Amino acid sequence: MRDLASTLDHVRTADGRRLRVECSGDPRGRPVFLLHGTPGSRVGPRPRPMYLYQRGVLLISYDRPGYGGSDRKPGRRVVDVVQDVTAVADALGMDRFAVVGRSGGAPHALACAARLPHRVTRAAALVTLAPRDAEGLDWFAGMAPSNIDEYSTALADPEGFEARLIPRTDSIRSDPARLLEELRAEMTDDDRKIISDNGVRSMLLRNYCEALRSSPYGWIDDSFALTEPWGFDPTCIQVPVLLWHGARDAFSPVAHSSWLAERIPRATSVIEPSAAHFGALRVLPDVLRWSLIDASPGEAVPFEALPFQEAQATGSRYTASGSRSR
């Protein structure tokens, strides 16, 4: 079945929905699901295929419902990702796999860890949000004004949020660079440096364009799902989890990751003092390496990133043409 990884481009779920899938790296390598950000798509940023192939990694990504080439699932919750990841893994004949999620994809990776302990070997959540109902957490503290406005409107006025986001996605679809320009004012210097790299920028623009190609509802439904009850309890996660966060992140404040780290039993928390939100792109190759480390049951596995100067050289591991974005 693994040979399907080089040809499979879509999967049907049990309820008949179509999921658009993309695999890269070594078709016979160790499988890792990469769950994209918000907004995002299966062509989000990742190391170039040759980098993955040389390290024996088969990277699997798919468009969450409503994004790119995947059918919408109205009213979906974060936990519903489990059904979709299971459908893709079954279609590829994969019993065991790791899961990595970035930004809006990170809570979905935690859902897989919680509900699929017999299949998920380890999970990584990069620059994640915590549940909106997280006890003792000031959910909006430290968050950028644009995200406060987006999430608070999704909570208080769902119909108004949808009516406002539809024309916004239309303009971003025709000019995906518009989204990066909207975010630039709230970025740190480090984030601006990362997205100014030609390869990373090309990947992000391609990613946003594909995410919104068919409809705005992937983004709309993500926003609702992230601000409503997730449908699972993070404290029940038993597989090894890595929580990576940039301390200067304003889009997903670091307090969210810290809240989860205090409650997930086998979590390794890594906070990079000088990094922010897009620093997760820089560290992704090292996270993939961590996700494939063999360890005895119950054994803690530390996370070791490359030295900062080497990790900055994303151009050696990312490419605008051979890779697919955010």
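Please read these numbers as outputs of a predicted model, since none were measured by experiment.

Engineer: What should I look at first to understand the overall build of the protein in this one?
Structural biologist: A tally of helices and strands in the protein yields 12 helices and eight strands. Within the protein, the fraction of its 326 residues that count as buried is 58%. Here the contacts in the protein between residues at least 6 apart in sequence split such that 79% fall between residues at least 24 apart. Taken as a whole, the protein presents about 12,400 Å² of accessible surface, with 51% of it coming from carbon and sulfur.

Engineer: What is the right way to read the nonpolar core from this model?
Structural biologist: Where a protein is soluble and globular, its nonpolar side chains tend to be buried together. Ranked by internal contacts, the top residues of the largest apolar core, which has 52 residues, are Phe33, Ile60 and Leu110. Dropping the residues within four chain positions of it, Phe33 is found in contact with Ile60, Val85, Val88, Ala89, Phe97, Ala98, Val99 and Val100. Counting 27 residues, the second-largest nonpolar core is a separate cluster that includes Ala211, Phe224, Ala250 and Phe278.

Engineer: What exactly am I supposed to notice about the packing of helix 5 (residues 158-174) against helix 9 (residues 217-227) here?
Structural biologist: Packing of helix 5 against helix 9 leaves a shortest axis separation of 9 Å and a crossing angle of 140 degrees. Here the hand of the crossing between helix 5 and helix 9 comes out right-handed. In contact with Pro158, Phe161, Glu162, Leu165, Ile166, Arg168, Thr169 and Ile172 of helix 5, helix 9 contributes Tyr217, Trp219, Ile220, Ser223 and Phe224. Each residue belonging to the contact of helix 5 with helix 9 can be placed in one class, and the counts come to nine nonpolar, two polar and two charged.

Definitions and limits used
- Residues numbered from 1 in each chain as written.
- Predicted model: local features only at pLDDT ≥ 70, side-chain atom pairs only at ≥ 80, totals over all residues.
- Heavy atoms only, no water.
- Helix = DSSP H or I, 4+ residues; strand = E, 2+ residues; numbered from the N terminus.
- Buried < 20%, exposed > 50% of the residue type's maximum accessible area, 1.4 Å probe, protein only.
- Contact = heavy atoms within 4.5 Å.
- Areas by Shrake-Rupley, 256 points an atom, 1.4 Å probe, with all protein chains shown as cover.
- Core = buried A, V, L, I, M, F, W, Y, C linked by side-chain atoms within 4.5 Å.
- Axes fitted to C-alpha atoms, helices over the stretch in contact; angles between N-to-C directions.
- Left-handed = near helix turned anticlockwise from the far one by under 90°.
- Nonpolar A, V, L, I, M, F, W, Y, C, P; charged D, E, K, R; others polar.

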